[in-house]
Amino acid sequence: MITAAALQHAITAADWEALRPIIWIAGGALAVLLFDLCLPRGAHRISSVLLGVTSLVWAGGFLVRNYHTPYAAFGGAFLSDGFSVVFQGAIVLATLLSLLFVYTFEERISSAGAVALLLWAASGAMLMTGAGNLLILFLGLELLSLALYALCGMASRRAAREAALKYLLLSSMASAVMLYGMVLLFGVTGSVNFSAFLAPPPGNPLYLVALGLFYVGVAFKLGLVPFHIWMPDVFEGAPLPVTAFMSVATKAGMLAVLARIIYVATPAGLANKVLLPIWVVAALSMIIGNLAALSQSNLKRLLAYSGIGQIGYIVAAFAGATALGLRYALFYLLAYLFMTLGAFAVIAALSDQADEGARLVSYAGLAHRRPMLAAAMSFFLIGLAGLPPTVGFMGKLLLLSSVLNAGYISLAVLLIVGTAISIYAYAKIIRVMYAPMRHEVVAGAMSATWPLPWIAIAICSVAVLGLGLYPLVPSAVLPLVK
Amino acid sequence: MTPYVSVAIYLGVATVASLAFCILPGLLAQPRPNATKEEAYECGVEPTSVVGGRFPVRFYLIAMLFVIFDVEAASFYPWAVQMHALRAFGLGEMVTFVVTLGIGYAFVWKKGGLQWR
Amino acid sequence: MAVGELSNYVTLSAVLFFLGVAGVILRRNPLVMLMGVELMLNASNLALVAFSRAWGSMVGHIFAFLVITVAAAEAAIGLAIIVVVFHRSARVDVDDVTILKG
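Residues numbered from 1 in each chain as written. Chains lettered and ligands numbered in written order. Predicted model: local features only at pLDDT ≥ 70, side-chain atom pairs only at ≥ 80, totals over all residues.

1. Some points on the overall build of chain B
Counted only if it meets this: Strands are runs of DSSP state E lasting at least 2 residues, helices are runs of H or I lasting at least 4, and numbering of each runs from the N terminus. Every C-beta atom is placed from the backbone, and the number of other C-beta atoms within 10 Å of a residue's own sets its class: buried at 20 or more, exposed at 12 or fewer, partly exposed in between.
Looking only at helices and strands, one finds five helices and zero strands in chain B. When the helices and strands of chain B are listed from N to C terminus, the series reads α-α-α-α-α. Counting across all 117 residues of chain B, residues that qualify as buried make up 2%.

2. Section: the overall build of chain C
Applied cut-off: Residues are treated as contacting if the C-beta atoms built from their backbones sit within 7 Å of each other.
When you go through chain C residue by residue, the secondary structure sums to three helices and zero strands. Beginning at the N terminus, the succession of helices and strands in chain C can be written as α-α-α. Each of the 102 residues in chain C was classed as buried or not, and the buried ones make up 41%. Restricting the contact set of chain C to residue pairs at least 6 apart, pairs at least 24 apart contribute 47%.

3. Topic: helix α8 (residues 205-222) of chain A
Residues and elements named next belong to chain A. Where we set the bar: Given the number of residues in a helix, its expected span is that number minus one, multiplied by 1.5 Å.
With 18 residues, α8 ought to run about 26 Å at 1.5 Å a step, and its terminal C-alpha atoms sit 26 Å apart, in line with that. Here α8 lies mainly inside the structure; 13 of its 18 residues are buried. Phi turns positive one or two residues past the end of α8, at Gly223, with a value near 70°.

4. Here we look at the domain arrangement of chain B
Defined as follows: For the domains described, the bounds stem from an automatic or database domain assignment.
Domain assignment breaks chain B into domain 1 (2-38) and domain 2 (57-110). Of note, the centres of domain 1 of chain B and domain 2 of chain B, computed from C-alpha atoms alone, are 51 Å apart.

5. Quick notes on the interface of chain B and chain A
When the parts come together, some accessible area is lost, and that loss is often what is quoted as the size of the interface. Selection rule: Under the scheme applied, nonpolar residues are Ala, Val, Leu, Ile, Met, Phe, Trp, Tyr, Cys and Pro; charged residues are Asp, Glu, Lys and Arg; polar residues are all the others, including Gly.
Counting residues at the interface gives nine residues for chain B and six residues for chain A. In the side of chain B that touches chain A, the residues fall into six nonpolar, two polar and one charged.

6. A short note on the environment of A:Ala335
Residue and element names in this part refer to chain A. With respect to the secondary-structure elements, Ala335 resides in helix α13 (residues 323-350). The buried category is assigned to Ala335, around which 30 C-beta atoms lie within 10 Å. With near-sequence residues (within four places) excluded, Ala335 lies in contact with Val391, Gly392, Gly395 and Leu467.

7. Focus: the interface of chain C and chain A
Taken together, the contact pairs 35 residues of chain C with 33 residues of chain A. Elements represented by at least two residues in the side of chain C that touches chain A include exactly α1 (3-26), α2 (30-55) and α3 (59-86) of chain C. Counting residues per element, the side of chain C that touches chain A draws most heavily on α3(C), which supplies 15 residues.

8. Points about the environment of A:Val183
Note that A:Val183 resides in helix α7 (residues 158-189). Placed 114 residues apart in sequence, A:Val183 and A:Thr69 show a C-alpha to C-alpha distance of 32 Å. When near neighbours in sequence (up to four residues on either side) are disregarded, A:Val183 contacts C:Ser44, C:Ala47 and C:Leu48.

9. Points about unusual backbone geometry
Residue and element names in this part refer to chain A. With an omega of 5°, the peptide bond running from Pro388 to Pro389 counts as cis. As for its position among the elements, Pro389 is in the loop between α15 (371-385) and α16 (391-405). A positive phi angle is found at Phe74, which is not glycine, with a value near 50°. The class for Phe74 is partly exposed, based on 18 C-beta atoms found within 10 Å.

10. Description of the packing of helix α12 (residues 299-318) of chain A against α13(A)
Residue and element names in this part refer to chain A. Test applied: Axes, fitted as lines to C-alpha atoms, cover a helix only where it is in contact. Angles between the N-to-C directions of the axes lie from 0 to 180 degrees. Should an angle lie under 35 degrees it is considered roughly parallel, over 145 roughly antiparallel, and from 65 to 115 roughly perpendicular; all remaining angles are considered oblique.
Contact pair α12 / α13: the axes reach a minimum separation of 9 Å and the direction vectors enclose 170°. The orientation of α12 relative to α13 falls into the category roughly antiparallel. Where α12 approaches α13, its residues Leu299, Leu303, Gly307, Gln310, Tyr313, Ile314, Ala317 and Phe318 are matched on the opposing element by Gly325, Tyr328, Ala329, Tyr332, Leu333, Tyr336, Thr340, Ala343 and Ile347. Tallied by class, the residues present in the contact of α12 with α13 amount to 13 nonpolar, four polar and no charged.

11. Focus on the confidence of the model for chain B
This is how the line gets drawn: The predictor attaches a confidence to each residue, and that confidence, scored 0 to 100, is pLDDT.
Per-residue pLDDT for chain B has a mean of 81; in total, 85% of the residues score no lower than 70. Across chain B, the secondary-structure element scoring lowest on mean pLDDT is helix α2 (residues 35-38) of chain B, at 72, and the one scoring highest is helix α1 (residues 2-28) of chain B, at 89.

12. Focus: helix α2 (residues 13-38) of chain A
Applied cut-off: By definition, a residue's bend is the angle between the axes fitted to the seven residues ending there and the seven starting there.
The end-to-end C-alpha distance of α2(A) is 33 Å, clearly below the 38 Å that 26 residues give at a rise of 1.5 Å each. The sharpest bend along α2(A) measures roughly 55° and falls at A:Leu19, with the proline A:Pro21 sitting one to four residues further on.

13. Considerations on the packing of α13(A) against α15(A)
All names here are of chain A. The following threshold applies: Crossing handedness follows the turn of the near helix against the far one: under a right angle anticlockwise gives a left-handed crossing, and clockwise gives a right-handed one.
The interhelical angle for the contact between α13 and α15, taken along N-to-C directions, is 155°, at an axis separation of 9 Å. With respect to their mutual orientation, α13 and α15 come out roughly antiparallel. In terms of crossing hand, the pair formed by α13 and α15 is left-handed. Residues Met339, Gly342, Ala343, Val346, Ala349 and Leu350 of α13 lie in contact with α15, whose contacting residues are Leu373, Ala376, Met377, Phe380, Leu381, Gly383 and Leu384. Taken together, the residues that form the contact of α13 with α15 break down as 11 nonpolar, two polar and no charged.

14. Details of the confidence of the model for chain C
All names here are of chain C. On average, residues of chain C score 87 in pLDDT, and 87% of them reach the 70 mark or higher. The secondary structure element of chain C with the lowest average pLDDT is α3, at 90, and the one with the highest is α2, at 94. In the model output, the complex is listed with pTM 0.88 alongside ipTM 0.92.

Given below as structure tokens:
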């Protein structure tokens, strides 16, 4: 048992240093609420967004500093290594870009509440990336999930509320299943630390049951194929900034957990048994996600299905448990971040509060009305399809090489097949945009634009092109073993 | 053991008696129903609406806030037990916790979440 | 704690867990489904505390505390969402939630 005195001695400034980015973001959320109480009406929206962006940028600065100083904080409960810092960086970036779409929230929704919840969700996801034991993992997961349930319902459309209800019921059940898996892991090994799972007591069938329940929860939260049914509905119903956040930040948090478990806490003797199901769900996600994307007429649904496929690619790179696979998976996560959020930014620029920018009809002949937007959307879709000269091409090439390198020939073939299917799905949108105008679409409905989505579009385009030409693959990414 | 013997006898008598009251009327009585007898109560007023109607939405809002603050209060307990051992560190953590809760509380209050309109 | 005693607790918690799962899958009333989820969380709590005693560590107790807090927050948010979805309809039933078809 830990005595209080030992506890006090264990915590040093370095511990707080590791946690500082998260503290800044969570504190930023509190500040957003406080400012909302003090400021006069009318200034709410801009002050919330500004405060949120400030705290995120600040946290990003601390992350850059933490990248080169790996440290196991709080006795290994929170691991601030290159691995988690890159994931945290992805989450911070995704939240930052999502915040730029906050203007698509309805007037009557408290934007301070929405921004604060987004920041808390982000800090939950960041806690997950560095979690060194099950407690911190569960804490981060629930902080993320609980904030998201509420965020999904923050619109007066009925669809948003239905999405919130579906997400709540299914996701909380998945959390509970995952929790039970964690509890059994604790029961089998007697420890909640990930490192303890490396040496399970031999011949205990409960260990595999526990891992199975745990992975079901992970697969659900990632939206991998047998457990993906909630994703399109929730993505379609939720408000745009929330959908954008969910498509990247939530996935990044859970991918970090999955990677850490695979790389640090999988006993060598069981690796084949553990990696096989991951292999299978990755393959299923790549094929079925992209197939289902073919028939969608709502951009948010399309991006949901495409996200299922893209996350499948990333998980495929984990399936070999090679160091190269992890580096390339992280690179592809960044690629996915910029491409998807770029597409969401175009939707945001086309939407007013009724969210019509998500309907495929809105894109008919877009190239003639808003050539810049149409070009940007095409660029991001080309990237998602994995064609040059975008980061999507480079990322997919690297993923493919790592999958081949790990010896999964069939997985590589499936990756190529999935990509080929997805090209059709994205080409459909591009064709709609560049089709000649048959009749005048009511232009007034899509006149509302704010400058903020344009900033997001600019950032994402530059990143998608730049990272495609100069792939900066993070180097120090192997998770710290504690 | 002895004090429980009387309890057991009492329990047995009570069970037999209550079962008898339930079963015997069905066996002995001759049913002659009429309209008055079929009423829910043989005295008093007929119910005019469904029992267990809907609560106002406000009720649920307050109930939700109660649940949250109630359980958060339970988090004080482990700290209170170990307060002396944890010293300034524990106090600092608890102050952070309370301030965070307080800001949430102020937000709810200011937004009218606690008003019973 | 004896091994037999531990397995009793774990069996009970497994039964509770599957009752919760059945509640979520079979029932159509979202309130009852939410109760099923809470039952699953409480099954975890029971197992946590039992394991914690068996291993002689305090971690399980702390974990159980965390789970209780989370369960309360989840119940509150769940109630809020259910009220928002159903406050105009006379019946509370997930089969009426049909705008989004997955």
